[in-house]
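Summary of the model geometry
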Amino acid sequence: MPESRLETLEKQLKQLFGDAVPHQAVYDIHAAMELAEVLEGKGFNFQLKDLFPKSMTQTGWQASFSRDGMTFSADDSQSSVAVCMAAVGAASELSTDK
């Protein structure tokens, strides 16, 4: 059975952050926010934006990490997924800084 998109995202987070990834970060916004704090500790600014603030039926979130003039953003209907996808982009940049 092929991996789901969320399972793939979890594996990417584990590869980039190791044990610093909070349990269930892809599925739980509270855990995803802990992950955001890890990146803030590395100098990133974080923003989570509701893309449909006045809608009762549509959901969409945009998470962004920025540092040194670069921004890593991701949109998803689940806030935790948006945070984790943006975190993968930001962490990938960290790994190339070494």
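Summarised in this report is the structure supplied together with it.

Conventions adopted
Residues numbered from 1 in each chain as written. Predicted model: local features only at pLDDT ≥ 70, side-chain atom pairs only at ≥ 80, totals over all residues. Heavy atoms only, no water. Phe/Tyr/Trp six-rings, centres within 6.5 Å; stacked < 30°, edge-to-face > 60°. Helix = DSSP H or I, 4+ residues; strand = E, 2+ residues; numbered from the N terminus. Buried < 20%, exposed > 50% of the residue type's maximum accessible area, 1.4 Å probe, protein only. Core = buried A, V, L, I, M, F, W, Y, C linked by side-chain atoms within 4.5 Å.

1. Quick word on the packing of aromatic side chains
- This model, assessed by the stated rule, comprises three aromatic pairs.
- Seen from their ring centres, F44 and F65 are 6.4 Å apart, and the 90° between their planes marks the pair as edge-to-face. With F44 in the loop between helix 2 (29-40) and strand 1 (45-50) and F65 in strand 2 (residues 61-67), the pair connects residues that are 21 residues apart, well separated along the chain.
- Given a relative accessible area of 3%, F44 falls into the buried group.
- Taking relative accessible area as the criterion, F65 reaches 0% and is therefore assigned buried.
- Measuring from centroid to centroid gives 4.9 Å for F46 and F65, while their planes differ by 35°, and the two rings are tilted. Residue F46 is located in strand 1, and its partner F65 is located in strand 2; the two are separated by 19 residues in the primary sequence. In terms of burial, F46 and F65 fall into one category: buried.
- Among the aromatic side chains, those forming a connected cluster through ring pairs are F44, F46, F65 and F72.

2. With respect to the nonpolar core
- By size, the foremost hydrophobic cluster in this structure holds 28 residues, and its most contacted members are L13, F17, L39, F65 and C84.
- Going through the elements one at a time, helix 1 (5-17), helix 2, strand 2, strand 3 (70-76) and helix 3 (79-97) are the ones with two or more residues in this core.
- If you tally residues by element for this core, the top one is helix 3, at 10 residues.

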